[in-house]
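Structure assessment
Take a look at the letters that make up each chain.
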Amino acid sequence: MAVLRLEGISKHFGAIHALNDVSLSLEAGEVIGLMGDNGAGKSTLVKIIAGNFQPTHGKISIRDKQMNFHRPVDARDNGVEIVYQDLALCNNLTAAVNVFLGRELTRSFGPLKILDYAAMNTAATKLFRELKSETRPRDMVRDMSGGQRQAVAIARTRLSSASIVLMDEPTAAISVRQVAEVLNLIRELKRQGVAVILISHRMPDVFAVADRIVVLRRGKKVADKPIAGSSPEEVTGLITGAIDAA
Amino acid sequence: MVSSIDEAIARQTHTPISWMLSKQAFWVFLAALIACVTLTLVTDTFATPQNLFNVTRNFAFVAIIALGMTVVIISGGIDLSVGSILCLSAMVLAIIMNAGYPLWAGASAALAVSLLIGGINGVLIAYLRIPPFVVTLGMLSVARSAAMVLSNNKMIYQFGPDEKQLFWLGGGSTFGIANPVIALVILAVVTALLLKWTRWGCHVFAIGSNEKAAVLTGIAVRRLKVSVYMFSALFAGIAGVLEAGWLGGVTTNLGQSMELSVIAAAVIGGANLMGGAGTVFGSVVGAALIEIIRNSLTLLGISTFWQGTFVGSFIVLAVAFDRIRARREADN
């Protein structure tokens, strides 16, 4: 059973056809590399899955149940989480507080509700351990490496037990060693049965972790095939249009 | 493998001492302490009970407002209207008590008016997205003018039947400690607890650091901002009630340009005007340092005209210190 299924998704902004009849399905524990040039429709597609946009045509189903997302929170409630390119973290707060931001754990103190730092640190420690990331819950995000920041952002998606995680260019602005860390994080998500859509420009990263590759060009899906049956050369050709479709 | 990750996660980055040394508030506290010790040694007038009583009471008003300002600055905003709110609050109190109503009625009305002013600031900033600098600059003018209209620009020095209680509240002492200082201690503890232990405090830090992230995680950012400006206005209003009791009279120039001392205290204490950083302890110590500088100049026989030079230099020095340290950390 597909965790996520898109059927005939189109999105028009006035006369501009950002997406044209895109279908896609995603199994649990599957990692899809979503590639395409700037303006190919990747972010529009992600925004539709995340509930920021509503498609002009087509339907979205999660576990064979048809969805109608009006707001991002609708998508989140159905297990779709996004890791934003700029990560949306607060530098001046600890890793644990960032993981729980907006849904902090509290305990009663007389008539008052006070933050339960101990519980948040313990829970965050558990999440980081599951992700096999050397991230300390009490450290300020300010002092962290790019890889650790990704771990914090990803731990946030684990907190809500998301079944679909959308990652927007997670390896764009970090060092080579940290890229390896982030790829390991994606493998951990996969191992835990999470379906991942990885949007990336970096060919080696996509080939390192993805099971399948999907290429968009000018709003149309031009390829959707297992990574084993493709090559970076072919994908480059598909992205630029040198190869028509595969 | 697993145990090594556990060890790495459990390892602490900061020892308590390295944590303390990394705080601007600690260095400012040290500076204030050194100033106090030096003054005690070179003058025989500083460490007298009367002088210490005066010093602590004098800085209490600025420090109380600085608590509210610290919260605003942490949230990434600024409140220039606090001096005028203090004046308006004191004036409302004075007019109501002057008309023969009891202290509690006057004080409640004064605080209610302060909260209303803060609420207006907050709504204009959060919902109409007008920059805080502009909104509160406008309110600086409006609130003081309102105080002038209400009093017809006259001094009020008679406070009706509860006059004695009011004078005790602002000018009296309990166990040898000036009442405004006691109020400061209570409000400082409350503010510190709110910032550290409530979701509200946590969210104030979050919006000051990355407002977009706060929105994405579902924090009600606009309501939070309104509450922050109401908080600041409330503290200015409390200081207004206390200062009216201390001075024994209210004029419409009360609290003029006080916002500058208040912001100076917060900034010297480590609050970052870009948002996201600041501490209660730092702001109180910052306010104390300003008052100690003023007091020492008087005691050492130096013209008080130099006060501005010293305080101003200290603001720049404290922030420069912080910048240099931040750059060194970034280089590491």
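Residues numbered from 1 in each chain as written. Chains lettered and ligands numbered in written order. Predicted model: local features only at pLDDT ≥ 70, side-chain atom pairs only at ≥ 80, totals over all residues.

**Observations regarding the overall build of chain A**
In plain terms, the rule: Only DSSP runs of H or I with at least four residues qualify as helices, and only runs of E with at least two residues qualify as strands; both kinds are numbered from the N terminus onward. The globule rule is 2.2 Å times the number of residues to the power 0.38, and the radius of gyration it is compared with is taken over C-alpha atoms. The exposure scheme places C-beta atoms from the backbone and then counts, for each residue, the other C-beta atoms within 10 Å of its own, assigning buried at 20 or more, exposed at 12 or fewer, and partly exposed in between.
Counting its regular elements, chain A contains eight helices and twelve strands. In summary, chain A has a C-alpha radius of gyration of 19 Å against a globular reference of 18 Å for 246 residues, a match within 12%. For chain A, the spread of C-alpha atoms along the principal axes amounts to about 65 × 40 × 35 Å. For chain A, the residues scored as buried account for 46% of the 246 residues in total.

**Examining unusual backbone geometry**
Residue and element names in this part refer to chain A. Of note, Glu 169 is a non-glycine position whose phi angle comes to about 50°, a positive value. Checked against the element boundaries, Glu 169 lands in the loop between strand E9 (164-168) and helix H6 (176-191). With 18 C-beta atoms packed within 10 Å, Glu 169 lands in the partly exposed category.

**Details of H6 of chain A**
Note on helix geometry: an α-helix contains 3.6 residues per turn, so any two residues three or four positions apart are oriented the same way. Residues and elements named next belong to chain A. To keep it simple, the criterion reads: What a helix is expected to span follows from its residue count: subtract one and scale by 1.5 Å. What the arc measures is the spread of directions leading from the helix axis to the C-beta atoms. The contact criterion used here is simple: two residues whose C-beta atoms, placed from the backbone, lie within 7 Å are in contact.
Given a rise of 1.5 Å per residue, 16 residues ought to cover 22 Å, and the 23 Å separating the end C-alpha atoms of H6 matches this to within 8%. Taken residue by residue, H6 has Val 179, Glu 181, Val 182, Leu 185, Ile 186 and Leu 189 as its buried positions. Axial view of H6: buried residues confined to an arc of 160°, hence all on one face. Every exposed residue of H6 that faces more than 90 degrees away from the buried side is listed here: Val 176, Arg 177 and Arg 191. Check the buried side of H6 and you find it contacts strand E3 (31-36), helix H5 (146-159), E9, strand E10 (195-199) and helix H7 (203-209). Among the residues trailing H6, Gly 193 stands out with phi positive, at a value near 85°.

**Side note on the packing of helix H4 (residues 49-74) of chain B against helix H9 (residues 179-197) of chain B**
All names here are of chain B. We count it as follows: Note on method: axes are straight lines fitted to C-alpha atoms, helices fitted across the in-contact stretch only, with angles between N-to-C directions ranging 0 to 180 degrees. Note on angle classes: values under 35 degrees are labelled roughly parallel, values over 145 roughly antiparallel, values of 65 to 115 roughly perpendicular, and the remainder oblique. For a crossing to be left-handed, the near helix must be turned anticlockwise from the far one by less than a right angle; the clockwise case is right-handed. Three classes are used, and their members are as follows: Ala, Val, Leu, Ile, Met, Phe, Trp, Tyr, Cys and Pro are nonpolar, Asp, Glu, Lys and Arg are charged, and the others, Gly among them, are polar.
Following both chains from N to C, one finds H4 and H9 inclined at 20°, their axes separated by 8 Å at the closest point. By the angle between their axes, H4 is roughly parallel relative to H9. Handedness of the H4/H9 crossing: left-handed. For the pair H4 and H9, the contacting residues are Thr 56, Arg 57, Ala 60, Phe 61, Ala 63, Ile 64, Leu 67 and Val 71 in the first and Pro 180, Val 181, Ala 183, Leu 184, Leu 187, Ala 188 and Thr 191 in the second. When the residues that make up the contact of H4 with H9 are grouped by side-chain class, the tally is twelve nonpolar, two polar and one charged.

**Some remarks on the interface of chain B and chain A**
Reports of interface size often rely on the accessible area that becomes lost once the parts have come together. With 22 residues of chain B at the contact, the number on the chain A side is 23 residues. Looking at the side of chain B that touches chain A, the elements with two or more residues in it are helix H1 (2-10), helix H10 (199-209) and helix H11 (211-216) of chain B. Among the elements that make up the side of chain B that touches chain A, the one with the highest residue count is H10 of chain B (five residues). When the residues that make up the side of chain B that touches chain A are grouped by side-chain class, the tally is eleven nonpolar, seven polar and four charged.

**Overview of the nonpolar core**
Nonpolar side chains in soluble globular proteins generally cluster together in the buried interior. Operational definition: By definition, a nonpolar core groups buried Ala, Val, Leu, Ile, Met, Phe, Trp, Tyr and Cys residues that are joined through C-beta atoms within 7 Å.
Counting residues in each nonpolar core, the largest one holds 174 residues, and the members touching the most others are Leu 198 of chain A together with Ala 63, Ile 64 and Ile 65 of chain B. Residues contacting Ile 65 of chain B, with those up to four places away along its chain left out, are Val 82, Leu 86, Phe 235, Ala 236, Ala 239, Met 258 and Val 262 of chain B.

**Overview of the sheet that holds strand E12 (residues 220-226) of chain A**
Remark on secondary structure: sheet strands pair via backbone hydrogen bonds, oriented parallel or antiparallel. Residues and elements named next belong to chain A. Here is the rule we go by: The criterion for strand pairing is that DSSP finds at least two bridges linking the strands in question.
Pairing is mixed in the open sheet, where six strands are placed in the order E6-E9-E10-E3-E11-E12. In this open sheet, the two strands that pair with only one neighbour each are strand E6 (80-83) and E12. Strand-to-strand twist across the sheet, computed as the mean angle between neighbouring axes with direction ignored, equals 20°. Relative to strand E11 (residues 212-217), E3 is paired through five bridges, and the arrangement is parallel. Within E11, the residue paired with Gly 33 across the bridge is Ile 213. The strands touched by helix H1 (residues 42-49) within the sheet are E3, E6, E9, E10 and E11, with E9 carrying the most contacts at an inclination of about 150°.

**Examining the pairing of E12 of chain A**
All names here are of chain A. Pairing of E11 with E12 involves six bridges; the strand directions are antiparallel. When the sheet's bridge partners are listed, Arg 217 is paired in E12 with Lys 220. Taking the residues between adjacent antiparallel strands as the criterion, E11 and E12 are bridged by two residues, where Arg 218 takes a positive phi near 50°.

**Brief notes about the sheet that holds strand E2 (residues 16-26) of chain A**
Residues and elements named next belong to chain A. Sheet architecture is open: four strands sit in the order E2-E1-E4-E5, paired in antiparallel fashion. Sheet topology places E2 and strand E5 (65-67) at the edges, where each strand pairs with a single neighbour. Within this sheet the neighbouring strands show an average axis-to-axis angle of 30°, counted without direction.

**As for the environment of Ala 320 of chain B**
Residues and elements named next belong to chain B. Counting through the fold element by element, Ala 320 comes out in helix H15 (residues 307-331). Among the residues examined, Ala 320 registers 10 C-beta atoms within 10 Å and is labelled exposed. Placed 280 residues apart in sequence, Ala 320 and Thr 40 show a C-alpha to C-alpha distance of 29 Å.

**Focus: the UniProt feature "transmembrane region" (unreviewed entry) in chain B**
All names here are of chain B. Heads up, the condition is: UniProt positions are given in the numbering used here, feature names are shortened, and annotations may be inferred rather than shown by experiment.
This chain's UniProt record puts "transmembrane region" (unreviewed entry) on residues 25-47, 59-78, 85-104, 110-128, 171-195, 228-248, 260-290 and 297-321. Secondary structure within residues 110-128 divides into 89% helix and 0% strand; the distance between the first and last C-alpha atoms comes to 26 Å. Within the segment residues 260-290, helix and strand shares are 65% and 0% respectively, and the terminal C-alpha atoms sit 12 Å apart.

**Some words on the pairing of E11 of chain A**
In terms of burial, E11 of chain A is a largely internal element, six of the six residues being buried. Every second residue of E11 of chain A is oriented toward a common face, with Arg 212, Val 214 and Leu 216 of chain A on one face and Ile 213, Val 215 and Arg 217 of chain A on the other, all of them buried.

**Topic: the environment of Asp 211 of chain A**
Residue and element names in this part refer to chain A. Structurally, Asp 211 is set in the loop between H7 and E11. Along the sequence, Asp 211 and Ala 180 sit 31 residues apart, while their C-alpha atoms lie 17 Å from each other. Leaving out residues up to four positions away in the same chain, Asp 211 has contacts with Glu 30, Val 31, Pro 226 and Ile 227.

**Considering helix H13 (residues 258-268) of chain B**
Within H13 of chain B, ten of the eleven residues are buried, which leaves the element mostly enclosed by the surrounding structure. By the burial criterion, the buried members of H13 of chain B are Met 258, Glu 259, Ser 261, Val 262, Ile 263, Ala 264, Ala 265, Ala 266, Val 267 and Ile 268 of chain B.

**Digging into the packing of H4 of chain B against helix H14 (residues 280-299) of chain B**
Residues and elements named next belong to chain B. Across the interface, H4 lies against H14 with an axial gap of 8 Å and an inter-helix angle of 145°. Considering how the two elements wind past one another, H4 and H14 form a crossing that is right-handed. Contacts between H4 and H14 involve Val 55, Asn 58, Phe 59, Val 62, Ala 63, Ala 66, Leu 67 and Thr 70 from the first element and Val 280, Ser 283, Val 284, Gly 286, Ala 287, Ala 288, Glu 291, Ile 292 and Asn 295 from the second. Residue composition of the contact of H4 with H14, by class: eleven nonpolar, five polar and one charged.

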